[in-house]
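# Commentary on secondary and tertiary structure
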Amino acid sequence: MTPRENFGSRATVIMAMAGSAIGLGNIWRFPFIVGEYGGAAFIMVYIVCCFLLSMPILLSETIIGRRTHQGTFGAMNTLAPGSAWKWLGLLTIFSPLIILSYYSVVGGWSFAYLCKAISFQFKPENAESVTSMFGAFSSSTWAPLACMVIFLGLTALIVYLGVNKGIEKFSKISIPVLFVLIVIIAVYSITLPGAGEGVKYLIKPDFSKLTPGAYASALGQSFFSLSLGVGTMLTYASYVNKNENIIASAGGTAFFDLLFAILAGFAVMPAVFAAGITPSSGPGLVFETLPFIFAKMGAGGQIISVTVSILFFLTILVAALSSSISMMEVGVAYLVEEKKVSRHKATISLFLITLVVGILCSLSFGTLSDIKLFGLTIFNFCDRLASNFLMTVGALLFSVFVGWKMDKAAVKDELTNGGTLKSSSKLFPFVYFLIKYVAPVTIAVIFILGFIG
Ligand code: PFF
């Protein structure tokens, strides 16, 4: 049997995990909700949320994965053999696949828009029609499907190449590239005339906007952004070797994810305000508002506007890919390790399964738009199911597992590498308290309030 692969170094661990974390969530949701909920005031809440609630979950997943060097299902079976915890292992094989199905639709759109940018389709003379272009495109049948197949195919190819030659290599290149791209776009955006209002939108603290909804949004956003509760971080951590400092790796991941989200805010919002547009989030922001802005900018210089639009959609595509590979890896690890399927076959099977659900998600913008599940289109249903339910429940259960089911000595051993890491040993009581009490109780309260409200 070939030995199990491991990530090469601390830097690669952080880049792979940050690759999973940095994605559409950072670019199309974070900038908008920051402004919605009070700018700098929200960023402060978000940071506290990341470090007090999301970090313990990230660490819980990391502890389980690194301890067992197995994927979600195998890990739960090893640590709690014959118990109901195996259901958490199973659940977290399906959750990332559900996310991957609808995420690939958006990945496909990003690919399509990159092609549109390259072929000069955002021109000043058709600025108005650029906005409506998206509705026509996303509700059509074949073009979005073809683009989704390409996106999913790229995802499968990287995953198929394996942990070192695929995921690690891609993340090592893509993460630095993503940071360079987003800084270039942010500098450009901030220097546009009228961009100051957008900067204010992001940084002016307005504590009156910190409603209960702001706290729930901060938590939901930080889970989605850090890819928590669905076993991706657990699976990546299973490739981390025993002498790695996992508190440092998790901290580095959370730091880069946050930094990228803030940079994305400065890349997007100043441009939106400079163009005199009301900010929005989601597909509307990325595929309607921004192409409109790129088209308008063309009046001041076609070359610059085309270059910025290409860089922007390239950023989205690469960020989406580095996240989608992490989602597919969870299921591949399961099939390879538990079902003894070859990596090749595992990847193709998951590609096909996701493709089927992805086709339904894509068509739900057009042909299948009348099919509703609990009043939602198939795409929106998958999104809600994953981000409002599966991620939160998964996150809660991972922290309960580590805090209440696992032996405290084993948790300490894992966090401190058998007591050899002095700083982690000092931090242990605090981190353990967060994992055992603070994270599960707060998450449960916010989850229940979200249901009631
Ligand atoms: N963190 C990704 C983003 O912000 O776009 C989304 C994500 C990736 C969610 C991987 C879940 C996951 F397993």
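See the structure printed just above.
If you're wondering where the values come from, they're calculated on a predicted model, not measured in any experiment.

### A look at the environment of Lys340
For Lys340, the position within the fold is in the loop between helix H14 (302–338) and helix H15 (343–363). Of note is the side chain of Lys340, whose polar atom sits 2.5 Å from the backbone oxygen of Glu337.

### A closer look at the site of the ligand
Close to the ligand lie 17 residues, the nearest being Ala21, Gly25, Tyr103, Phe224 and Thr232. Between the ligand and Gly25 there is a distance of 2.9 Å, counted from an oxygen atom to a backbone nitrogen or oxygen. Between a nitrogen atom of the ligand and a side-chain N or O atom of Ser227, the distance comes to 3.1 Å. Starting from 340 Å² of accessible surface for the ligand in isolation, the protein chains cover 100%. Those elements that provide at least two residues to the shell around the ligand are helix H1 (10–21), helix H2 (24–36), helix H5 (86–118), helix H10 (212–225) and H14. Here the shell around the ligand is composed, by residue class, of eight nonpolar, nine polar and no charged.

### Comments concerning the nonpolar core
Phe312 and Phe313 are the most contacted members of the largest nonpolar core, which has 160 residues in total. Sorting elements by how many residues they give to this core places H14 first, with 17 residues. Not counting residues up to four positions away in its chain, the partners in contact with Phe312 are Ile27, Ile185, Val268, Val286, Leu290 and Phe294.

### So, the packing of aromatic side chains
Inspection of the entire model under this criterion finds 33 aromatic pairs. Ring plane angle 70° and centroid distance 5.5 Å describe the contact between Tyr102 and Phe379, whose orientation is recorded as edge-to-face. With a gap of 277 residues between them, Tyr102 in helix H5 and Phe379 in helix H16 (residues 378–405) connect regions that are remote in the sequence. The two residues Tyr102 and Phe379 agree in class, both being buried. With a centroid separation of 6.1 Å and 75° between ring planes, the pair formed by Tyr113 and Phe137 is classed as edge-to-face. Of this pair, Tyr113 sits in helix H5 while Phe137 sits in helix H6 (residues 127–139), and the two are 24 residues apart along the sequence. In this structure Tyr113 comes out as buried when scored by relative accessible area, which is 0%. Owing to a relative accessible area of 10%, Phe137 belongs among the buried residues under this scheme. Ring pairs connect the aromatic residues Tyr102, Trp109, Tyr113, Phe122, Phe134, Phe137, Phe287, Phe294, Phe312, Phe313, Phe365 and Phe379, which therefore count as one cluster.

### Considering the packing of helix H3 (residues 40–68) against helix H12 (residues 246–274)
Orientation of H3 relative to H12, taken along the N-to-C sense of each, is 140°, at an axis distance of 9 Å. In terms of axis orientation, H3 runs oblique to H12. Our pair here, H3 against H12, has a crossing hand that is right-handed. Across the interface between the two elements, Ile43, Tyr46, Ile47, Phe51, Met55, Leu58, Leu59, Thr62, Ile63 and Arg66 of H3 pack against Ile246, Ile247, Ala250, Gly251, Thr253, Ala254, Asp257, Leu258 and Ile262 of H12. Residue classes in the contact of H3 with H12 are distributed as 14 nonpolar, three polar and two charged.

### Examining a nonpolar patch on the surface
A cluster of nonpolar side chains, namely Ile150, Leu154, Leu157, Tyr160 and Leu161, defines an oily patch on the protein surface of about 430 Å² accessible area. Along the chain, the position of Ile150 falls in helix H7 (residues 142–161).

### Describing unusual backbone geometry
Here His69, not a glycine, exhibits a phi torsion of approximately 50°, which is positive. On the basis of relative accessible area, His69 is assigned to the partly exposed category, the value being 22%. The backbone of Lys340 sits at a positive phi, close to 55°, despite the residue not being glycine.

### A few points about the pattern of salt bridges
Across all of its chains, the model carries nine salt bridges by this definition. Notably, a salt bridge pairs Glu168 with Lys172, separated by 4.0 Å at the nearest N-O pair. Linking Glu168 with Lys172, this pair stays in helix H8 (residues 163–190), spanning four residues, or about one helical turn. Looking at Lys172, the relative accessible area reads 44%, which means it is partly exposed. Here Lys242 ties to Glu414 by a salt bridge, and the two come within 3.5 Å at their closest N and O atoms. Of the two residues, Lys242 is situated in the loop between helix H11 (232–237) and H12 and Glu414 in helix H17 (residues 408–416); the sequence distance between them amounts to 172 residues. A relative accessible area of 41% means that Lys242 is categorised as partly exposed. Classification of Glu414 by relative accessible area gives buried; the value is 2%. Residues joined in a network through salt bridges with shared partners are Arg66, Arg67, Lys242, Asp413 and Glu414.

What counts and what doesn't
- Residues numbered from 1 in each chain as written.
- Predicted model: local features only at pLDDT ≥ 70, side-chain atom pairs only at ≥ 80, totals over all residues.
- Heavy atoms only, no water.
- Helix = DSSP H or I, 4+ residues; strand = E, 2+ residues; numbered from the N terminus.
- Polar contact = N/O pair within 3.5 Å; in protein donor to acceptor, adjacent residues only side chain to side chain.
- Near = heavy atom within 4 Å.
- Areas by Shrake-Rupley, 256 points an atom, 1.4 Å probe, with all protein chains shown as cover.
- Nonpolar A, V, L, I, M, F, W, Y, C, P; charged D, E, K, R; others polar.
- Core = buried A, V, L, I, M, F, W, Y, C linked by side-chain atoms within 4.5 Å.
- Buried < 20%, exposed > 50% of the residue type's maximum accessible area, 1.4 Å probe, protein only.
- Contact = heavy atoms within 4.5 Å.
- Phe/Tyr/Trp six-rings, centres within 6.5 Å; stacked < 30°, edge-to-face > 60°.
- Axes fitted to C-alpha atoms, helices over the stretch in contact; angles between N-to-C directions.
- Parallel < 35°, antiparallel > 145°, perpendicular 65-115°, else oblique.
- Left-handed = near helix turned anticlockwise from the far one by under 90°.
- Patch = residues over 30% accessible without salt bridge, like charges linked within 9 Å, V, L, I, M, F, W, Y side chains within 5 Å.
- Salt bridge = Lys/Arg side-chain N within 4 Å of Asp/Glu carboxyl O.

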